[in-house]
Amino acid sequence: MTDIPLSRIRNFSIIAHIDHGKSTLADRLIQATGALSDREMKEQVLDNMELERERGITIKAQTVRLTYRAKDGEDYVLNLMDTPGHVDFAYEVSRSLAACEGSLLVVDASQGVEAQTLANVYQAIEAGHEIVPVLNKIDLPAAEPERVKQQIEDVIGLPADDAVLISAKTGLNIEGVLEAIVTRLPPPKGDPRAPAKALLVDSWYDPYLGVIVLVRVKDGHLRKGQKIRMMSTGAVHTVEQVGVFTPKMVPVESLGPGEMGYLTAAIKTVADTKVGDTITDDRTPAAEPLPGFKPSIPVVWCGLYPVDADDFEKLRESLAKLRLNDASFHYEPETSAALGFGFRCGFLGLLHLEIVQERLSREFDLDLIATAPSVVYRLRKTNGEWIELHNPADMPDGSVVDAIEEPWIKATIFVPDDYLGAVLTLCNERRGQQVELTYVGNRAMAVYRLPLNEVVFDFYDRLKSVSRGYASFDYQWDGYQEGDLVKISILVNNEPVDALSFMAHRSAAEKRGRAICEKLKELIPRQLFKIPIQAAIGGRIIARETISALSKDVTAKCYGGDITRKRKLLEKQKEGKKRMRQFGKVEIPQSAFIAALKMDA
Amino acid sequence: MAEPLALYIHWPFCAAKCPYCDFNSHVRERVDQGRFRAALRRELAFEAARAGRRPLASIFFGGGTPSLMEPETAAALIADARALFDPLPEVEITLEANPTSAEAGTLAAFRAAGVNRLSLGVQSLREDQLRFLGRRHGAAEAVAALELARGLFPRLSFDLIYARPGQAEAAWRAELREALALAADHLSLYQLTIEPGTRFAAEHARGAFALPDGEAAARLYAATAEEAARFGLLPYEVSNYARPGAESRHNLQYWRYGDYLGIGPGAHQRLTLGGTLRAARRHRAPEEWLARVERQGHAITAEEALSPEERAREALLMGLRLAEGVDPARLRARSGRALEEAVDPAILAACLEEGYLAWTPEGRLRATEEGRLRLDALLPALLR
């Protein structure tokens, strides 16, 4: 394939809130440029994972190469980059954006700007993008294009006078979008004669081809047979195939500057292909890698356990399979006295956690129980050493801990006026610090600093319920900060239940400790002995409940004809106790802990 | 001397099925008394031939309603047993009977046949309660039957069912005092239990009535022991109360985990043969049982040697029902397992500390009243 002049390439992404029509617009663009026949079209071509399509979220970046003859008579190559749309994947998003020069900002003409839109558009601005506002769903009776244009100018600060008005659903003015891409977005820059330098945007595992690497070439060329080097690790691979997505995979001779496409090179796992890495030629390498590479680090951890202990091996295999395609989550074996054998797993965020959990149960048919998610705390010990805490159960003795730091976020919440009070109360309860409060029409935008650990504990659910589902929420990292944090242990019959221990701010410790004790009291059936349930900070009990002993349980009649039946029943009960967890002289059904954890989620 | 035997003989027929009863009982328009008599005698002879000539401690006619069999049947079986075994001088021969006037008429004949202890299924002294329980007798009839029986039999016991739906403690105390005044030396006082497959189970499941909850049932249980004690009757087993010396020797044989023969449809048996304790049971359906005995001399459907673990569990689950508890030496002799092997030491210690179990001065392990009240929860934790 001959090099396409840079002037006739446009690389762009689409920014939109969930449900504002990003995928539908992408589908229309693909159709309008004839990349797929009508027969090949299926709804939301780009989201090829079942889960992604169902939930309308994109986990992996994808590209489609569109060929478009513009009104100026020239043929243009338009590379559409579909980026993950959630803060959990913020780094992945930033790399996808770094592969483009411009973005379409799609806003629902009746709903207006949402929190997620805002966070993503700022990222695009940070990436130096030219941005074209697109108002979608203007065919709806509730569409208010003038109001939404004004909102874009007020809230985001982007001129929106010449926003493109479309209906992706009906196909109205798709042409206008294509023309705007050609005329209003800048072409890429690059040097065809410089040493090869390409951005590794994303990668995924294909059972037939091995790892498929999505790249954006900056300088030089990538071609079949070439020895390439990953600049962060120095690993060398021989390219087997390069190509583009139309969205079908179509091999090409080479990929030149400004182009997007894929390569395969017999790479076995995606863990060997780090997002944001720079790919160069092994013999004539580039002098400097592209800026901004950082390895992905899990920020939310939880324990995952099979409900049926016999599924442990299956869980191990399933996690290994998932990791083939998702190098950003981590897992290591862990044992819990309450839940048995399982894994401590690290995720990029709560959505990531939820996605992995859902995929495990859906694709691998596993019935799982997750412990309460925990953020990563930084502990300064009295000897000056810093350690990271992934699991509250591993918290060292309080006397050796000098200080604890916790991660904070900056959250942006959009909410209709009517629910603002409730949302502010919620944020304040969760130790939030107000940064900004502005009104746009009858909607308010609240920006709060919040400790992440207050957000992983049922914040979304509460936000949804206090705003009747009308609040939209997004966040970005805001660094670590020292806090008055304590580890709360839950003791059953005076023995700690590792899976239930958690970190909390001292001010909330008693309330949350008591809530768990009360919950367990309801869940654990009365037994032969009374069972104390306690919440404790170190050796100090902060809440206590007692499950009293059962008052009467004896067979009234037991004679010569009943012995066999009674013995067999007893033997069956003993067998059933193997599923119980021993706490001294009492045995607690695992189901009680599972129920306690489920109620948390 | 070989250990004494107890002999249980099952009569599987009733005039009507009571709504709470899950025993092996059947209602038939007519019963061929002669054939059943012959078959019971034949099965007894079969077991006696295996067991050998051993001391005989007791005979118990249970059911069903054994007072519905012809007294000649009891007479023949008692005579056979006396001939096949060596009856102890104080051999206890019990017959279960219902206190209907029809059955009362045959009591003298049963006494003549050799029965020396009568156990009457009175169940309640309140008319409405007798109707609820599906009984075919009235309260006055029951009292009359008791008075008649007291004149006929040297020993007398009767059953009552309590912890009935909505039963107040005061009402039960009053009813029980009336019963105690009728001067039996032994009472079986059962809390109403809903057994699967009974009419009550279906009614209870659809909410037709509710039983007292655990706390209320525990209070009624304590009240029962209190009232019985005033009349000198002590709880020697979970549901059985007697004047000292008047305990049912036959039932003690079960709870002390001795050998017993079980003759008749559905009867269970524990018999030591050649040093091995064997558990056997017989076909439950009366007609099939009859056909098998006539064909092959017995209707055993399953017989197995019990392992030391099984024997120890059975000995303890029965023995801990008794106020006297379990003698570790006897447990070891009967099961081949020491008490320390048979129980979880941590649970034992916890139960001793909690006051559910106690050691007697003679070194027996016994369940206290608090322990007996929770025995079904205690046993699965304690036994290994």
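Model, not experiment: these values are computed from the prediction.

A. Main features of the overall build of chain A. Across its full length, chain A carries 14 helices and 34 strands. Scored against the burial criterion, the 601 residues of chain A give a buried share of 58%. Summarising the internal contacts of chain A: among those between residues at least 6 apart in sequence, 69% fall at separations of at least 24.

B. Representation of the packing of aromatic side chains in the model. What the rule picks out here adds up to 25 aromatic pairs over all chains. For the ring pair Y236 of chain B and W255 of chain B, a centre distance of 6.0 Å and an interplane angle of 70° mean the geometry is edge-to-face. Of this pair, Y236 of chain B sits in strand 7 (residues 234–237) while W255 of chain B sits in helix 10 (residues 249–255), and the two are 19 residues apart along the sequence. The structure contains a cluster of three or more aromatic residues connected by ring pairs, namely F312, F329, Y331, F341, F343 and F347 of chain A. The aromatic ring of Y190 of chain B is capped on one face by K557 of chain A, whose charged end is 4.5 Å from the ring centroid. If you follow R334 of chain B out to its NZ or CZ, it ends over the ring of Y257 of chain B, 5.5 Å from the centre.

C. Quick peek at the pattern of salt bridges. Inspection of every chain in the model, using the stated rule, returns 60 salt bridges over all chains. When the shortest N-O distance is used, the salt bridge between E303 of chain B and R50 of chain B registers 2.9 Å. Taken together, the residues E303 of chain B in strand 12 (residues 300–305) and R50 of chain B in helix 1 (residues 33–51) connect sequence positions 253 residues apart. R53 of chain B serves as the salt-bridge partner of D86 of chain B, at 3.0 Å between the closest nitrogen and oxygen. Taken together, the residues D86 of chain B in strand 3 (residues 86–97) and R53 of chain B in the loop between helix 1 and strand 2 (55–63) connect sequence positions 33 residues apart. Assessed through its relative accessible area of 35%, D86 of chain B is described here as partly exposed. The exposure class assigned to R53 of chain B is exposed, which follows from its relative accessible area of 52%. Members of the salt-bridge network, linked through shared partners, are R567 and E571 of chain A together with R270, E310, R313 and E314 of chain B.

D. Fine view of the interface of chain B and chain A. Across the contact, 44 residues belong to chain B and 27 residues belong to chain A. When chain B packs against chain A, close to 3,400 Å² is buried across both sides, 58% of that on carbon and sulfur atoms. For the pair chain B and chain A, the interface holds five salt bridges. Breaking the side of chain B that touches chain A down by element, the ones donating at least two residues are strand 6 (186–191), helix 9 (214–230), helix 10, strand 10 (268–273), helix 12 (308–319), helix 15 (345–354), helix 16 (369–373) and helix 17 (375–382) of chain B. For the side of chain B that touches chain A, the leading source of residues is helix 17 of chain B, giving seven residues. Of the residues belonging to the side of chain B that touches chain A, the class tally is 23 nonpolar, eight polar and 13 charged.

E. Representation of the packing of helix 13 (residues 563–576) of chain A against helix 17 of chain B within the structure. One way to put it is that helix 13 of chain A packs onto helix 17 of chain B with a least axis distance of 9 Å and a crossing angle of 60°. Between helix 13 of chain A and helix 17 of chain B lies a crossing whose hand is right-handed. Across the interface between the two elements, K566, L570, Q573 and K574 of chain A of helix 13 of chain A pack against D376, L379 and P380 of chain B of helix 17 of chain B.

F. Highlighting a nonpolar patch on the surface. Residues and elements named next belong to chain A. On the surface, a nonpolar cluster with roughly 340 Å² of combined accessible area is contributed by Y208, L209 and M249. Relative to the helices and strands, L209 resides in the loop between strand 7 (197–206) and strand 8 (210–219). Judged by relative accessible area, which is 31%, L209 ranks as partly exposed.

G. A look at the nonpolar core. Formed by 152 residues in total, the largest nonpolar core has its most connected members in I488, L520 and F593 of chain A together with F61 and L120 of chain B. Once residues lying within four places of it in the same chain are set aside, the contact partners of L520 of chain A are I490, V492, L500, I533, I547, F593 and A596 of chain A. In terms of nonpolar packing, the next biggest core, distinct from the first, is built from 52 residues, C302, F312, L322 and Y448 of chain A among them.

Rules used in this analysis
Residues numbered from 1 in each chain as written. Chains lettered and ligands numbered in written order. Predicted model: local features only at pLDDT ≥ 70, side-chain atom pairs only at ≥ 80, totals over all residues. Heavy atoms only, no water. Helix = DSSP H or I, 4+ residues; strand = E, 2+ residues; numbered from the N terminus. Buried < 20%, exposed > 50% of the residue type's maximum accessible area, 1.4 Å probe, protein only. Contact = heavy atoms within 4.5 Å. Phe/Tyr/Trp six-rings, centres within 6.5 Å; stacked < 30°, edge-to-face > 60°. Lys NZ or Arg CZ within 6 Å of the ring centre and 35° of its normal. Salt bridge = Lys/Arg side-chain N within 4 Å of Asp/Glu carboxyl O. Buried area = accessible area lost by both parts, 1.4 Å probe. Nonpolar A, V, L, I, M, F, W, Y, C, P; charged D, E, K, R; others polar. Axes fitted to C-alpha atoms, helices over the stretch in contact; angles between N-to-C directions. Left-handed = near helix turned anticlockwise from the far one by under 90°. Patch = residues over 30% accessible without salt bridge, like charges linked within 9 Å, V, L, I, M, F, W, Y side chains within 5 Å. Areas by Shrake-Rupley, 256 points an atom, 1.4 Å probe, with all protein chains shown as cover. Core = buried A, V, L, I, M, F, W, Y, C linked by side-chain atoms within 4.5 Å.

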